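Spelled out, the chains give:
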Amino acid sequence: MNAASYVIPLPTQASLPVVGEAGRYPVRRIWCVGRNYLEHIREMGNDERAPPFFFAKHADMLVPDGATIPYPPLTKDLHHEVELIVAMKSGGLNIPTEKALDHVYGYAVGIDLTRRDLQLASRKKERPWEVGKSFDYSAPCSAVQPAAKIGHPSKGKIWLTVNGKEAQKGDLTELIWNVPEIIWQLSQQVKLAAGDIIMTGTPAGVSQLQVGDQLECGVDGVGSLKVSIGKPE
């Protein structure tokens, strides 16, 4: 079907640049792992022994490197969460851990922006987290590094600074559930496919953001990302 087959204009395909490639990586869905670094679980007062769980953001919530992000509505407590991102090239149901990395195209660095006050209010009322996690401009993401060039990182510093001051610092070795295990767990819940990206969790040090803040973050061997927080739309 072409564009003329639809009654309204087709939405723009969400995509990310790829390091060293002219073509872009098309994003189908964004999946996020909740609570996957021990120190972050402790700072949020949650159960250290709980199995991983997942929530989603919409693909059109991606924000490119260098962007200024409008401070979102409804919140007075916007937080940053730096994460390693996994970009899938194929998928399926019930992918075994030993085959999981065969389905990975590459890796990137992202920030799971969170309206913490709304997230916590929803949790207290036993409602879904969506209002706190899934909102416009909530998924800044760097260019994708192909695994064919950098391999599959399992160790290395993950970090974030706010206005040049270190806020978050950890290491990929501290992931409670590593990348193959995350893919295995998520593929039991949904049928993964090419274009799906997975945000793998954040280390300790999340904190409140203000208008004018400058954020820089990165993962050793993968890349870095810079964004700023602007005035509300």
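Treat the numbers as computed from the prediction; the structure is a model and nothing was measured.

S.K.: Please set out a nonpolar patch on the surface residue by residue, giving values where relevant.
M.R.: A cluster of nonpolar side chains, contributed by Met1, Tyr6 and Leu10, occupies part of the molecular surface with about 370 Å² of accessible area. Here Leu10 lies in the segment before strand S1 (15-17). Accessibility expressed as a relative area gives 47% for Leu10, which makes it partly exposed.

S.K.: Got a sec to walk through the sheet that holds strand S17 (residues 223-230)? Specific residues and values, please.
M.R.: Taken in spatial order, the five strands of this open sheet run S6-S17-S16-S13-S14, and their pairing is mixed. Each edge of the open sheet is held by one strand with a lone partner, namely strand S6 (68-70) and strand S14 (165-171). Averaged over all pairs of adjacent strands, the angle between strand axes in this sheet comes to 20 degrees, irrespective of strand direction. In terms of strand pairing, strand S13 (residues 157-162) meets S14 through six bridges, oriented antiparallel. Bridge assignment links Thr161 to a residue of S14, and that residue is Glu166.

S.K.: Which residues make up the packing of aromatic side chains, and what values go with them?
M.R.: Here the structure, examined in full by the defined rule, presents three aromatic pairs. Seen from their ring centres, Phe55 and Trp129 are 5.7 Å apart, and the 55 degrees between their planes marks the pair as tilted. Of this pair, Phe55 sits in strand S4 (residues 53-57) while Trp129 sits in the loop between helix H3 (116-124) and helix H4 (130-133), and the two are 74 residues apart along the sequence. For Trp129, a relative accessible area of 17% corresponds to the buried category. A network of ring pairs unites the aromatic residues Phe53, Phe55 and Trp129 as a single cluster. The ring centre of Phe135 lies 5.6 Å from the NZ or CZ of Lys57, which sits over that ring.

S.K.: Before we move on, could you go through the pairing of S17 and cite the residues and values that matter?
M.R.: Across three bridges, the pairing between S6 and S17 is parallel. Pairing of Thr68 across the sheet is with Ser228, part of S17. Of the strand pairs in this sheet, strand S16 (residues 214-219) and S17 are connected by six bridges, and their pairing is antiparallel. Residue Cys217 lies in a different strand from S17, and its bridge partner there is Leu225.

S.K.: Explain the environment of Lys149 to me, using residue names and the numbers behind them.
M.R.: Within the fold, Lys149 resides in helix H5 (residues 147-150). Discounting chain neighbours no more than four positions away, the residues touching Lys149 are Val19, Gly20 and Glu21.

S.K.: Residues and numbers for the pattern of salt bridges, please.
M.R.: For the structure on display, the rule yields six salt bridges. Note that Lys57 is salt-bridged to Asp112, the shortest N-O span being 2.8 Å. Remark: Asp112 occurs in the loop between strand S9 (104-111) and strand S10 (114-115) and Lys57 occurs in strand S4; sequence separation between them is 55 residues. Judged by its relative accessible area of 4%, Lys57 is buried. Where Lys133 meets Glu81, a salt bridge forms, and the shortest distance between an N and an O atom there is 3.3 Å. Taken together, the residues Lys133 in helix H4 and Glu81 in the loop between strand S7 (78-79) and strand S8 (82-88) connect sequence positions 52 residues apart.

Conventions adopted
Residues numbered from 1 in each chain as written. Predicted model: local features only at pLDDT ≥ 70, side-chain atom pairs only at ≥ 80, totals over all residues. Heavy atoms only, no water. Patch = residues over 30% accessible without salt bridge, like charges linked within 9 Å, V, L, I, M, F, W, Y side chains within 5 Å. Areas by Shrake-Rupley, 256 points an atom, 1.4 Å probe, with all protein chains shown as cover. Salt bridge = Lys/Arg side-chain N within 4 Å of Asp/Glu carboxyl O. Helix = DSSP H or I, 4+ residues; strand = E, 2+ residues; numbered from the N terminus. Buried < 20%, exposed > 50% of the residue type's maximum accessible area, 1.4 Å probe, protein only. Pairing = 2+ DSSP bridges. Axes fitted to C-alpha atoms, helices over the stretch in contact; angles between N-to-C directions. Phe/Tyr/Trp six-rings, centres within 6.5 Å; stacked < 30°, edge-to-face > 60°. Lys NZ or Arg CZ within 6 Å of the ring centre and 35° of its normal. Contact = heavy atoms within 4.5 Å.

Don't take any of this as a statement about function, it's just geometry.
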